[in-house]
Amino acid sequence: MSLRPTVAVIGAGFSGLLTALHLAADPEGPTVRLIERSRTFGRGAAYSTGNPDHLLNVRVANMSAYPDDPEHFTRWLAGHEGWSSHGGFVTRGVYGDYLQDLLRQALETTTPGRLLLEQDEAVDVQRAGEGWRVRLALGRKIEASAVVLALGVLRPAAPAAADPALLASARYIGDPWDPKARLEDEWDDVLLLGSGLTMIDAAVSLWRPGRRFWAISRRGLTPRQHVPTGEAAAEVAPTGSPRELLAAIREASGEGRWREAIDSLRPHVQSIWLGWSQAERRAFLRHLRPWWDVHRHRLAPSVARRIGLLMRGRELVVRAGEVTSLTLSRDAVEVAWRPRGGRTPRRLGVSAVVNCAGLLGDLEKAGEPLLKTLLARGLIRPDPCRLGAEVDAGSRLIGASGRAEPGLFAVGPLTRGAFWEITSVPDIRSQAAGAAQAILSGVRRARAA
């Protein structure tokens, strides 16, 4: 019997795990080496939290890992104890348990040696004949016929306004999801850079009695709340320019039914994005993106109530403006910021700064060593909107030559430039299944040749 080809999947969060599971599910498929630098496979940053206040932003009914089995997650919940629903939302930790259970089942049912877990960091990928060679931090090399980059959400870039001394100090937290990140108990005033979902999570995680958060973002917008929706609103036609689409949403949002109008576009978001020119995409990102984000990506009701209480008690103060400097002093951080629409700078003294800027897209600013290496090799290039790496419709990475690299794929947030909404389970699960099928088709063609 001929040897199976090998596929290396780099990153074992949701996108990498699902791609690996689809590949391993085919009895005639390749050997899959799932590479993860952290100690935990299957959870990623999003689902590693054990905080009971960190809830999913999508209802249980839409969180199946498999697009062709929409009730898979709800059946799993029915067979497990120790969880509770908060108005149709469960904790991210519970969802992490679900993903790890899928991995355990795959390891138990897949032919031994076909799904291998590699706890190490991939630091280089290069061409090796007709395939690829992946070099790991500990020195080992993996020969593979295909490689999938599933790096998840990249760590946000350090704020340009911060002085180097602050960035090197304990008073700056560059990654709020870092399990080692912590605030000293005596630190009472904390600046959160950003006001989106990451800011919400940080405020919930880091709050204690007597602590006040200052959240500053360019527009000062915060995510809206999920509520039970009524009958479907008039569907918004998924066509037209960003300006025309905005007008259609407003027309369909009468009597406060904007949620229904937004949700009617949910199945069409990627096709809308693909239909826009690069100029239209840039116009959307410049003018409408912040408004889309806070209306589209909403909070579970219990989280929204918690944040509302913090804001009413002025334990969380949100401001629209631009931070112009962050300077470390002996026992504080001096913040200079300019309110939106104003010219007069204001000053604020805080104990610490947490970077909640959210998704980073510009590859050239990312602190990811593997991406820097791939850029230098010309195997990847930034997409035109600098939301991530450029890929074709089949999730194949496009290199500096402008051509798709055979056997080199990316899934998840790294591909936002091509698909826009590719950061949540309903979108990623379909992309992971599609990328796996493309790889399996290549394996079958190679065997038939």
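Everything below is about the structure printed above this text.
Remember, it's a predicted structure, so these values are computed and weren't measured experimentally.

A. Local environment of the packing of aromatic side chains. For the coordinates displayed, the defined rule picks out 12 aromatic pairs. Both rings, one in Phe73 and one in Tyr98, keep their centres 4.6 Å apart while their planes meet at 45°; by these two values the pair is tilted. With Phe73 in helix H2 (residues 72-78) and Tyr98 in helix H3 (residues 92-109), this residue pair connects regions lying 25 residues apart in the sequence. Tyr98 shares its class with Phe73; the two are buried.

B. Examining the pattern of salt bridges more closely. Under the definition given, this model contains 23 salt bridges. In this structure, the salt-bridge partner of Glu368 is Arg37, at a minimum N-O distance of 2.8 Å. Note that Glu368 is positioned in the loop between strand E14 (352-355) and helix H11 (369-377) and Arg37 in the loop between strand E2 (31-36) and H2, a separation of 331 residues in sequence. Judged by its relative accessible area of 48%, Arg37 is partly exposed. Taken together, the salt bridges that share partners define one network made up of Arg33, Glu118, Asp120 and Arg140.

C. Quick look at the sheet that holds strand E6 (residues 141-144). Ordered by their spatial adjacency, three strands build an open sheet running E4-E5-E6, and the pairing between neighbours is antiparallel. Looking at strand neighbours, the two that pair on one side only are strand E4 (122-128) and E6, the edges of this open sheet. Direction aside, neighbouring strands of the sheet carry axes that sit 20° apart on average. Inspection of the sheet shows strand E5 (residues 131-136) paired to E6 by four bridges, in the antiparallel sense. Within E6, the residue paired with Arg135 across the bridge is Lys141.

D. Molecular detail of the sheet that holds strand E1 (residues 6-10). Pairing in this open sheet of six strands is mixed, and the strands run E3-E2-E1-E7-E16-E15 from one edge to the other. In this open sheet, the two edge strands, each paired with only one partner strand, are strand E3 (115-119) and strand E15 (396-398). Averaged over all pairs of adjacent strands, the angle between their axes in this sheet comes to 35°, without regard to strand direction. Bridge analysis of E2 against E3 gives five bridges, and the strand direction is parallel. In the sheet register, Leu34 faces E3, and the bridge partner there is Leu117. Its contacts with the sheet place helix H1 (residues 14-25) against E1, E2, E3 and strand E7 (146-149), and it is angled at close to 165° to E2.

E. View of the environment of His226. Within the element layout of this structure, His226 appears in the loop between strand E10 (212-217) and helix H6 (242-252). The class of His226 is buried, set by a relative accessible area of 8%. Not counting the four nearest positions on each side in its chain, His226 is found in contact with Asn57, Arg59, Phe89, Arg259, Arg298, Leu299, Ala300 and Pro301. At a separation of 2.9 Å, a polar atom in the side chain of His226 contacts the main-chain carbonyl oxygen of Asn57.

F. Spatial organisation of the side chain of His295. With respect to the helices and strands, His295 occurs in helix H9 (residues 278-296). Exposure remark for His295: the relative accessible area of 19% places this residue in the buried category. If near-sequence neighbours (up to four positions away) are discounted, His295 is found in contact with Arg224, Trp258 and Ile262.

G. Up close: unusual backbone geometry. Its identity as a non-glycine residue notwithstanding, Ser395 has a phi of 70°, on the positive side. As for its placement among the helices and strands, Ser395 is situated in the loop between H11 and E15. Residue Ser395 is classed as buried on the basis of its relative accessible area, which comes to 4%. We note that Trp420 has phi near 60°; this positive angle belongs to a residue other than glycine. Structurally, Trp420 is set in the loop between helix H12 (416-419) and helix H13 (425-448).

Basis of the calculations
Residues numbered from 1 in each chain as written. Predicted model: local features only at pLDDT ≥ 70, side-chain atom pairs only at ≥ 80, totals over all residues. Heavy atoms only, no water. Phe/Tyr/Trp six-rings, centres within 6.5 Å; stacked < 30°, edge-to-face > 60°. Helix = DSSP H or I, 4+ residues; strand = E, 2+ residues; numbered from the N terminus. Buried < 20%, exposed > 50% of the residue type's maximum accessible area, 1.4 Å probe, protein only. Salt bridge = Lys/Arg side-chain N within 4 Å of Asp/Glu carboxyl O. Pairing = 2+ DSSP bridges. Axes fitted to C-alpha atoms, helices over the stretch in contact; angles between N-to-C directions. Contact = heavy atoms within 4.5 Å. Polar contact = N/O pair within 3.5 Å; in protein donor to acceptor, adjacent residues only side chain to side chain.

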